[in-house]
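Per-entry structural report
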Amino acid sequence: MSEAAKIPAGPLVIGRYALFDELASGGMATVHLGRVLGAMGRTVAVKRLHAHYLKDAEFVAMFMDEARIVSRIPPHPNVVPMVDLMRTDEGLFLVIEYVHGESLSRLLRDQRKLGKPVPPKIVGSIVSGVLHGLHAAHETKGRDGKLVDLVHRDVS
């Protein structure tokens, strides 16, 4: 292996954000750990539309609709706020606040390894938080002040 092959390429810099490790990937996009560049930079999550969808007008429209709707959801403790939306030569990116913590899948996997179910109080708290967040999203209003009739397609 050459010496150059051992050197990591470093983060992908998109505008004022540096993208690092992949946090999750789904059918439409990949979410990366990101950082706002500069002395006061904070950690963010950056959702990047898969490259093969960039030329598909339907997928681009869905991604842009998601950004438009997310930006209209009033601040709520159970809804991750949008920070930015960027379109560059490298792709289409939705920047959201980063929420530090373990994923539900990790909690379930760890409990399964221990041979124990997740305690009911924890399950109830998680489900309650999700439902409160969904309710806040469903109460989102358009510019005309009317409900946007939002249906969330991806609860994860």
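Residues numbered from 1 in each chain as written. Predicted model: local features only at pLDDT ≥ 70, side-chain atom pairs only at ≥ 80, totals over all residues. Heavy atoms only, no water.

This part covers the overall build of the protein. Scanning the protein from N- to C-terminus turns up four helices and six strands. Reading the protein from its N terminus to its C terminus gives the helix and strand order α-β-β-β-β-α-β-β-α-α. Overall, the protein is about 55 × 50 × 35 Å in size when its C-alpha atoms are taken along their principal axes. A buried classification covers 25% of the 156 residues belonging to the protein. Considering only contacts within the protein whose residues lie at least 6 apart along the sequence, 40% involve residues at least 24 apart. Looking at the protein as shown, the accessible area adds up to about 11000 Å², and 57% of this sits on carbon and sulfur atoms. Averaging the locations of the 20 positively and 17 negatively charged side chains of the protein gives two centres separated by 5 Å. (Helix = DSSP H or I, 4+ residues; strand = E, 2+ residues; numbered from the N terminus. Buried < 20%, exposed > 50% of the residue type's maximum accessible area, 1.4 Å probe, protein only. Contact = heavy atoms within 4.5 Å. Areas by Shrake-Rupley, 256 points an atom, 1.4 Å probe, with all protein chains shown as cover. Lys, Arg positive; Asp, Glu negative; His and termini not counted. Charge placed at Lys NZ, Arg CZ, Asp CG, Glu CD.)

Read from one edge of the open sheet, six strands run β1-β2-β3-β4-β6-β5, paired in antiparallel fashion. The open sheet is flanked by β1 (12-14) and β5 (82-88), the only strands paired with a single partner. Looking at each pair of strands side by side, their axes are set apart by 35° on average, direction ignored. With three bridges connecting them, β1 and strand β2 (residues 17-25) associate as antiparallel partners. Bridging from a neighbouring strand, Leu12 pairs with Leu19 of β2. (Pairing = 2+ DSSP bridges. Axes fitted to C-alpha atoms, helices over the stretch in contact; angles between N-to-C directions.)

Scanning all chains against the criterion turns up one aromatic pair. Geometrically, the ring pair formed by Tyr53 and Phe59 is stacked, given 3.8 Å between the ring centres and 20° between the ring planes. (Phe/Tyr/Trp six-rings, centres within 6.5 Å; stacked < 30°, edge-to-face > 60°.)

This brings us to the environment of His76. Within the secondary structure, His76 is located in the loop between α2 (57-72) and β5. Of the residues examined, His76 reaches a relative accessible area of 25% and is grouped as partly exposed. Sequence-wise, His76 and His132 are 56 residues apart; in three dimensions their C-alpha atoms are separated by 8.8 Å. Among all residues touching His76, those that are not within four sequence positions of it are His132, Gly133 and Ala136.

Its location among the elements puts Lys47 in strand β4 (residues 43-49). Within the structure, Lys47 has its side chain in polar contact with the side chain of Glu66 (distance 2.9 Å). Beyond its immediate stretch of four places on either side in the chain, Lys47 contacts Ala29, Thr30, Val31, Phe63, Glu66, Leu92, Phe93 and Leu94. (Polar contact = N/O pair within 3.5 Å; in protein donor to acceptor, adjacent residues only side chain to side chain.)

The next thing to look at is the pattern of salt bridges. Pairing of side chains with opposite charge becomes possible as their charged atoms draw close. Evaluated as defined, the whole model comprises five salt bridges. In this structure, the salt-bridge partner of Arg106 is Glu102, at a minimum N-O distance of 3.6 Å. Accessibility expressed as a relative area gives 38% for Arg106, which makes it partly exposed. With relative accessibility at 62%, the residue Glu102 sits in the exposed group. (Salt bridge = Lys/Arg side-chain N within 4 Å of Asp/Glu carboxyl O.)

A few words now on the side chain of Thr30. Relative to the helices and strands, Thr30 is located in strand β3 (residues 29-36). According to the relative accessible area criterion, Thr30 is buried, its value standing at 10%. Of note is the side chain of Thr30, whose polar atom sits 3.1 Å from the side chain of Ser25.

The share of residues in the protein with pLDDT of 70 or more is 93%, and the mean pLDDT across the chain is 88. Confidence drops under a pLDDT of 50 for residues 1-5, and excluding neighbours within four residues, the segment shows one contact in the predicted structure. (pLDDT = per-residue confidence, 0-100.)

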